[in-house]
Amino acid sequence: MRVLVAPGRVGDVAASRVGEVIGMAFHEEGAQVAVVDLTTPLPAPTTLDELGRMLDEGLPAVDVAGLTDALTDVSGLRRVLAGRTFTAIVPDEEVRAPLTGLSGTAVARARATSEDLTVGLAADARAREWLRMHDLDDAPGAGACDGLGAVLLDAGLRLETALGWAVQRTRLRETAVRADLVVTACSDLDFQARGGPLVQTVVEVAGEALRPVIVVAGRNFVSRRELRLAGIEDAHAVHAGAVEEPVREPELVAVASRVARTWRFPSR
Amino acid sequence: MTDIKLEAPAGVTLTEAAVDKVRALLEAEGRDDLSLRIAVQPGGCSGLRYQLYFDDRALDGDVATDYDGVKVVTDRMSAPYLGGASIDFVDTIQQQGFTIDNPNAQGSCACGDSFH
């Protein structure tokens, strides 16, 4: 049996360690296991000099969320970006967000400070002027990181989320197709968040590969029927009910062992 | 938020019932310097929600329509989402208040407060 393990954090147990625990449990049951860490942090420069050094090293992806100060030196930023090819990682909710307009990030940030219509309108006007001043176009993603997305798109660069990049970097889709079972993990599995973006992504990838996916959770609040509706074959929780205690690794190990024993595929 | 049509705004129209009600409310306020402002704001369970209130401000870029002294204004950010929208006032057993019929909206939530 071939098992793909692509977990998130479970309580205080980091994703990488969760992957090791679950992977080892299946390995001990005789499965071939591939453990993928979708949470590896990316290089995250905060200055143009740092960005330049990272790009000189040939890094394929850089988390640009900390570079908003660089917007005070758009010319300098453009010089650093000139001729470069890399994937710019931006916050999930901003990867397709424009800068201006009702759904733009300029208005969204203004509304975080005040519900007053004039505050949003003023922020939008300033954003439009900023784009005009730097000869930039608004477009999906241009609003990422307060307009940094517009400069990046103008430089011909691609914007991506950290999770989207991790899926590509780890070839998760190709690996899922070769697996018999996909296992992911999260702290809480509930009906609204459905385990969060990582679990939802893994479930989607498993679904595309037509592979069953199960979730190891710190707590599970979703019934079997609703799990199936969400594309999840089954969920196994460390704690029953709404227990507030943190998940400890020995408890996770015990659940992982039990989960690994419950899944069997005929030998090929 | 799903895509909605953003055609050239044709302005917001008020039905006769809505005009009469707004005029009555303004008279009750004792003011003739207020406009009925309709704004679209992000939020609500369907992505966007309407705000309808009296406003004494005239903002840059406001799109204004006058109904025999009753002025309806929309700000320049909201206007593309409201072109062709119609405001009515109903007073029945089932429903009382202003209603907004917006051809740009592709759907709304069950509570009726939010649209997309």
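Cut-offs applied
- Residues numbered from 1 in each chain as written.
- Chains lettered and ligands numbered in written order.
- Predicted model: local features only at pLDDT ≥ 70, side-chain atom pairs only at ≥ 80, totals over all residues.
- Heavy atoms only, no water.
- Buried < 20%, exposed > 50% of the residue type's maximum accessible area, 1.4 Å probe, protein only.
- Helix = DSSP H or I, 4+ residues; strand = E, 2+ residues; numbered from the N terminus.
- Arc of directions from axis to C-beta.
- Contact = heavy atoms within 4.5 Å.
- Phe/Tyr/Trp six-rings, centres within 6.5 Å; stacked < 30°, edge-to-face > 60°.
- Pairing = 2+ DSSP bridges.
- Axes fitted to C-alpha atoms, helices over the stretch in contact; angles between N-to-C directions.
- Left-handed = near helix turned anticlockwise from the far one by under 90°.
- Nonpolar A, V, L, I, M, F, W, Y, C, P; charged D, E, K, R; others polar.
- Domains from an automatic or database assignment.
- pLDDT = per-residue confidence, 0-100.
- Salt bridge = Lys/Arg side-chain N within 4 Å of Asp/Glu carboxyl O.
- Buried area = accessible area lost by both parts, 1.4 Å probe.
- Polar contact = N/O pair within 3.5 Å; in protein donor to acceptor, adjacent residues only side chain to side chain.

K.L.:
A description of helix 3 (residues 74–81) of chain A should follow, citing residues and the corresponding values.
P.N.:
All names here are of chain A. Of all the positions in helix 3, only Val74, Gly76, Leu77, Val80 and Leu81 are classed as buried. Buried residues of helix 3, seen end-on, are gathered within an arc of 160 degrees and therefore sit on one face of the element. On its buried face, helix 3 is in contact with helix 2 (48–56), helix 5 (117–133) and helix 6 (148–154).

K.L.:
Mind laying out the packing of aromatic side chains, listing which residues take part and the relevant values?
P.N.:
Centre distance and the angle of the planes are the two values used to describe a pair of aromatic rings. Residues and elements named next belong to chain B. One pass over the structure, following the stated rule, counts one aromatic pair over all chains. Each ring, one from Phe89 and one from Phe98, has its centre 5.1 Å from the other, and the planes form 65 degrees; the classification is edge-to-face. On the basis of relative accessibility, which here comes to 27%, the residue Phe98 falls in the partly exposed class.

K.L.:
Describe the sheet that holds strand 1 (residues 13–14) of chain B, listing the residues and the values that go with them.
P.N.:
Residue and element names in this part refer to chain B. Spatially, three strands are ordered 1-6-7 in an open sheet, and the strand pairing comes out mixed. This sheet does not close on itself; its edge strands, each paired only once, are strand 1 and strand 7 (96–101). Both strand 6 (residues 86–91) and strand 7 contribute to a ladder of six bridges, which runs antiparallel. Within strand 7, the residue paired with Asp88 across the bridge is Thr99.

K.L.:
Now, about the packing of helix 4 (residues 105–113) of chain A against helix 5 of chain A: what can you tell me, with residues and values included?
P.N.:
Residues and elements named next belong to chain A. For the pair helix 4 and helix 5, interaxial distance at closest approach is 8 Å and the crossing angle is 145 degrees. The element helix 4 and its partner helix 5 pack so that their crossing is right-handed. Between helix 4 and helix 5, the contacting residues are Ala106, Val107, Ala110 and Thr113 on the first element and Val119, Gly120, Ala123, Asp124 and Ala127 on the second. Looking at the contact of helix 4 with helix 5 residue by residue, the class counts come to six nonpolar, two polar and one charged.

K.L.:
Before we move on, could you go through the domain arrangement of chain A and cite the residues and values that matter?
P.N.:
Taken domain by domain, chain A comprises domain 1 (2–38 + 170–262) and domain 2 (48–162). One C-alpha centre belongs to domain 1 of chain A, the other to domain 2 of chain A; they are set 34 Å apart.

K.L.:
Go over the confidence of the model for chain B, please, and point to the residues and values.
P.N.:
One rule of thumb: low pLDDT means the predicted coordinates there are not for detailed reading. Residue and element names in this part refer to chain B. Averaged over every residue, the pLDDT of chain B is 80; residues scoring 70 or more account for 79%. Per-residue pLDDT, averaged within each element of chain B, yields its smallest value for strand 8 (residues 114–115) (65) and its largest for strand 6 (91). Model confidence for the complex is summarised by a pTM of 0.82, with the ipTM given as 0.72.

K.L.:
Got a sec to walk through unusual backbone geometry? Specific residues and values, please.
P.N.:
Not every positive phi belongs to a glycine, and Cys145 of chain A is a case in point at roughly 55 degrees. By secondary structure assignment, the location of Cys145 of chain A is in the loop between helix 5 and helix 6.

K.L.:
If you had to explain the pattern of salt bridges to someone new, which residues and values would you point to?
P.N.:
Pairing of side chains with opposite charge becomes possible as their charged atoms draw close. Residues and elements named next belong to chain A. Counted according to the given criterion, the structure contains 27 salt bridges over all chains. Here Glu94 makes a salt bridge to Arg109, at a shortest N to O gap of 2.9 Å. You can see Glu94 sitting in the loop between strand 4 (87–89) and helix 4 and its partner Arg109 sitting in helix 4, a full 15 residues away along the chain.

K.L.:
Describe the environment of Ala97 of chain A, with residues and values.
P.N.:
All names here are of chain A. Mapped onto the secondary structure, Ala97 falls in the loop between strand 4 and helix 4. Along the chain, Ala97 and Asp138 lie 41 residues apart, while their C-alpha atoms are 9.5 Å from each other. Once you skip the residues sitting within four places of it in the chain, Ala97 turns out to touch Thr105, Ala139, Pro140, Gly141, Ala142, Gly143 and Ala144.

K.L.:
Please provide a residue-by-residue account of the interface of chain A and chain B, values included.
P.N.:
Across the boundary between the two partners, chain A contributes 14 residues, which contact 16 residues of chain B. Between chain A and chain B, a total of about 1,200 Å² is buried, with carbon and sulfur atoms accounting for 61% of that surface. It is Leu102, Leu117 and Leu121 of chain A that lose the most area in chain A upon contact with chain B, and together they represent 57% of the buried surface on that side. Joining chain A to chain B, the criterion identifies three salt bridges. Where Glu115 of chain A meets Arg49 of chain B, a salt bridge forms, and the shortest distance between an N and an O atom there is 3.9 Å. Across the contact surface, chain A and chain B share four residue pairs in polar contact (both at pLDDT 80 or more). Taken together, the elements giving at least two residues each to the side of chain A that touches chain B come down to helix 4 and helix 5 of chain A. In terms of residues, the side of chain A that touches chain B owes the most to one element, helix 5 of chain A, which gives seven residues. Classifying every residue of the side of chain A that touches chain B gives five nonpolar, four polar and five charged.

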